[in-house]
Protein chains: 2
Amino acid sequence: MKGYLWTGGHGSTSTEAAPSEGRLAPWEAIAVDAVGNVIEFWGFKRNQGRVWALLYLRGEPLTAGEIERELDLSKGGVSMLLRDLERWGVIQRVRLPQDTVWRYGAETDLVRMVRHVIEEREAGFVARIRADLAEARRLAETAGSVPAERLERLEKMATLAEHVERALRLFIKTSRLDVSGVLAVFRDGAGRRGEK
Amino acid sequence: MKGYLWTGGHGSTSTEAAPSEGRLAPWEAIAVDAVGNVIEFWGFKRNQGRVWALLYLRGEPLTAGEIERELDLSKGGVSMLLRDLERWGVIQRVRLPQDTVWRYGAETDLVRMVRHVIEEREAGFVARIRADLAEARRLAETAGSVPAERLERLEKMATLAEHVERALRLFIKTSRLDVSGVLAVFRDGAGRRGEK
DNA sequence: CATATAGTTCAAGACCGCTTGAACTGCACC
DNA sequence: GGTGCAGTTCAAGCGGTCTTGAACTATATG
């Protein structure tokens, strides 16, 4: 089995050239784009999601060149996208025994990507916000002429920020829990990339 | 060196509207921008957050003109921003008895803004994603030549989408709960006095 | 060493959303 | 009616992000 035909021809199927998309099957294009949309919604690049989706759907590692063709992206773009994804740990770079080129395979937890980067973003971001609000409070206090009433509001604003932060953390935690269930499903029979 | 000019005297409720005077106190600028950053981070316009923050910090309704001057925005921009905020229910348009002009006051639950719009966005968005994935599955099945293994992966992808959706809903719910506590804090003494 | 292919980097430009500013409407008062 | 100000709308411009494509490095091969 192993060999999928995407390398060569498709015998009978009419996967003729789609104008904009490479040689993705229509259903693949739709699924890949759907993931791209989700990922973009979450604040990442659309194409990062598309690349991951392609690799996941194909189930076996692809080369940068293949990705480039399938998704109709530029060489440089693919290089950068793969780097991001690899750094986040959502894809894996592998070199097959007799092969000379790198191939990239999807890690099953796309979620890690969202989690990881959101955690990272959130950390730096919230810290910054808090520092700003603290600074504002300091300035307002030393200024002296600020009505107590307004100072109070400023403090409440900081409180709100903390609560939102807490909610966000909670979300991350619950999603992690919830997602661990999903991962089980994924590993179930999806990847026979039992390496590691 | 005190006296941030525009305040004139906090005693006078009419705000005295320092004519063509519009510089934010430094501490206000910082706080306002901090909120702007948060709001932008959540996918809204930075200036929507800034406007809300200004109105909240001031505690009393301001006119569009004042907002325009304080935040150094354009007339048209303020108009649109206020419209958005009002539609989302996070600010309130009021007309004082003897006054001829509209004024805008902050509603205490900025959170409603996030919640409301996220709910809305999420609803339409997730629906779309689901539809796309369903379509992809349909196409893949009718195509016939798709390995069962890949179909499986496609289905798992849909499952993932559902789980993420669930996590998101959960987040909204918990944040609502968590936030109700914050609201209590806010209402405590923040209220705009006796309008209405 | 020459050649070819894989992979990286980055300036230039495409792309897209936000803001601006002017024209416009509406309303109040003279 | 006319003047002035508050508020709305929208085409055009601006600014920031993403992608491209070419130059470059790295590595394998004869």
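The following refers to the structure shown. (Residues numbered from 1 in each chain as written. Chains lettered and ligands numbered in written order. Predicted model: local features only at pLDDT ≥ 70, side-chain atom pairs only at ≥ 80, totals over all residues. Heavy atoms only, no water.)

**So, helix H2 (residues 46-58) of chain A**
All names here are of chain A.
Here is step 1 of the chain: With 13 residues, H2 should reach 18 Å at 1.5 Å per residue; the first-to-last C-alpha distance of 19 Å fits that figure.
Here is step 2 of the chain: Taken across its 13 residues, H2 has eleven buried, putting it largely inside the fold.
Here is step 3 of the chain: Along H2, the residues that are buried comprise Gln-48, Gly-49, Arg-50, Val-51, Trp-52, Ala-53, Leu-54, Leu-55, Tyr-56, Leu-57 and Arg-58.
Here is step 4 of the chain: Of the residues one or two after H2, Gly-59 is the one with positive phi, at around 80 degrees. (Helix = DSSP H or I, 4+ residues; strand = E, 2+ residues; numbered from the N terminus. Expected span 1.5 Å × (residues − 1). Buried < 20%, exposed > 50% of the residue type's maximum accessible area, 1.4 Å probe, protein only.)

**Structural notes on the protein's contact with DNA strand C**
Here is step 1 of the chain: Residues in close proximity to DNA strand C total 16 residues, the closest being Lys-75, Ser-79, Arg-83 and Trp-102 of chain A together with Asn-47 of chain B.
Here is step 2 of the chain: The sugar and phosphate moieties of DNA strand C supply 53% of its atoms located within 4 Å of the protein.
Here is step 3 of the chain: Side-chain polar atom of Ser-79 of chain A to a phosphate oxygen of DNA strand C: 2.8 Å apart, as the coordinates give it.
Here is step 4 of the chain: For DNA strand C, a phosphate oxygen lies 2.5 Å from a polar atom in the side chain of Asn-47 of chain B.
Here is step 5 of the chain: Mapped by element, the contributors of at least two residues to the surface near DNA strand C are helix H4 (75-87) of chain A together with helix H4 (75-87) of chain B.
Here is step 6 of the chain: A per-class count over the surface near DNA strand C returns six nonpolar, six polar and four charged. (Near = heavy atom within 4 Å. Polar contact = N/O pair within 3.5 Å; in protein donor to acceptor, adjacent residues only side chain to side chain. Nonpolar A, V, L, I, M, F, W, Y, C, P; charged D, E, K, R; others polar.)

**Re the protein's contact with DNA strand D**
Here is step 1 of the chain: Around DNA strand D, 15 residues are found, and the nearest of them are Asn-47 of chain A together with Lys-75, Ser-79, Arg-83 and Trp-102 of chain B.
Here is step 2 of the chain: In DNA strand D, atoms within 4 Å of the protein come 56% from sugar and phosphate.
Here is step 3 of the chain: Between Ser-79 of chain B and DNA strand D, the recorded distance is 2.7 Å, taken from a side-chain N or O atom to a phosphate oxygen.
Here is step 4 of the chain: The backbone of Trp-102 of chain B places a nitrogen or oxygen atom 3.1 Å from a phosphate oxygen of DNA strand D.

**Observations concerning the side chain of Asp-84 of chain A**
All names here are of chain A.
Here is step 1 of the chain: Residue placement: Asp-84 occurs in helix H4.
Here is step 2 of the chain: Side-chain polar atoms of Asp-84 contact the side chain of Gln-48, separated by 3.1 Å.
Here is step 3 of the chain: At 3.0 Å, the side chain of Asp-84 and the side chain of Arg-87 are in polar contact.
Here is step 4 of the chain: Dropping the residues within four chain positions of it, Asp-84 is found in contact with Lys-45 and Gln-48. (Contact = heavy atoms within 4.5 Å.)

**Details of the pairing of strand S2 (residues 103-106) of chain A**
All names here are of chain A.
Here is step 1 of the chain: Covered by surrounding structure in S2 are Arg-103 and Gly-105 together with Tyr-104 and Ala-106, the residues of both alternating faces.
Here is step 2 of the chain: In this structure, strand S1 (residues 91-94) lies alongside S2, joined through four bridges in antiparallel fashion. Residue pairing in the sheet places Ile-91 in a bridge with Ala-106 of S2. (Pairing = 2+ DSSP bridges.)

**A short note on helix H3 (residues 64-71) of chain B**
Residue and element names in this part refer to chain B.
Here is step 1 of the chain: Every buried residue of H3 is accounted for by Glu-66, Ile-67, Glu-70 and Leu-71. Buried residues of H3, seen end-on, are gathered within an arc of 110 degrees and therefore sit on one face of the element.
Here is step 2 of the chain: Those residues of H3 that are buried are in contact with helix H1 (26-41), helix H2 (46-58), H4 and strand S2 (102-106). (Arc of directions from axis to C-beta.)

**Some remarks on the packing of aromatic side chains**
Here is step 1 of the chain: In this structure the tally under the stated criterion is four aromatic pairs over all chains.
Here is step 2 of the chain: Consider the rings of Phe-44 of chain B and Trp-88 of chain B, whose centres lie 5.7 Å apart with planes at 70 degrees: the pair is edge-to-face. Taken as a pair, Phe-44 of chain B in the loop between H1 and H2 and Trp-88 of chain B in the loop between H4 and strand S1 (91-95) lie far apart in primary sequence, 44 residues in all.
Here is step 3 of the chain: Centre to centre, the rings of Trp-52 of chain B and Tyr-56 of chain B are 5.2 Å apart; their planes meet at 0 degrees, and the pair counts as stacked. Of this pair, Trp-52 of chain B and Tyr-56 of chain B both sit in helix H2, four residues apart, roughly one helical turn.
Here is step 4 of the chain: Relative accessible area serves as the criterion here: at 1%, Trp-52 of chain B is assigned to the buried category.
Here is step 5 of the chain: Directly above the aromatic system of Trp-102 of chain A lies the positively charged group of Arg-93 of chain A, at a separation of 5.0 Å from the ring centroid.
Here is step 6 of the chain: Above the ring of Trp-102 of chain B, the side-chain terminus of Arg-95 of chain B is found at 4.2 Å from the ring centroid. (Phe/Tyr/Trp six-rings, centres within 6.5 Å; stacked < 30°, edge-to-face > 60°. Lys NZ or Arg CZ within 6 Å of the ring centre and 35° of its normal.)

**Structural notes on unusual backbone geometry**
Residue and element names in this part refer to chain A.
Here is step 1 of the chain: Of note in the backbone geometry, Asp-72 takes a positive phi value of approximately 55 degrees without being a glycine.
Here is step 2 of the chain: With respect to the element layout, Asp-72 can be found in the loop between helix H3 (64-71) and H4.
Here is step 3 of the chain: Here Asp-72 falls in the exposed class, since its relative accessible area comes to 51%.

**Let's talk about the environment of Glu-70 of chain B**
All names here are of chain B.
Here is step 1 of the chain: Summarising the element assignment, Glu-70 is placed in helix H3.
Here is step 2 of the chain: A C-alpha to C-alpha distance of 5.5 Å links Glu-70 and Arg-23, two positions 47 residues apart in sequence.
Here is step 3 of the chain: In terms of polar contacts, Glu-70 uses its side chain to reach the side chain of Arg-58, at 3.4 Å.

**With respect to the packing of H3 of chain B against H4 of chain B**
Residue and element names in this part refer to chain B.
Here is step 1 of the chain: Contact pair H3 / H4: the axes reach a minimum separation of 9 Å and the direction vectors enclose 115 degrees. Classified by chirality, the crossing of H4 by H3 is right-handed. Taken together, the residues of H4 that come into contact with H3 (itself represented by Ala-64, Ile-67 and Glu-68) are Lys-75, Val-78 and Leu-82.
Here is step 2 of the chain: A breakdown of the residues in the contact of H3 with H4 according to their chemical character gives four nonpolar, no polar and two charged. (Axes fitted to C-alpha atoms, helices over the stretch in contact; angles between N-to-C directions. Left-handed = near helix turned anticlockwise from the far one by under 90°.)

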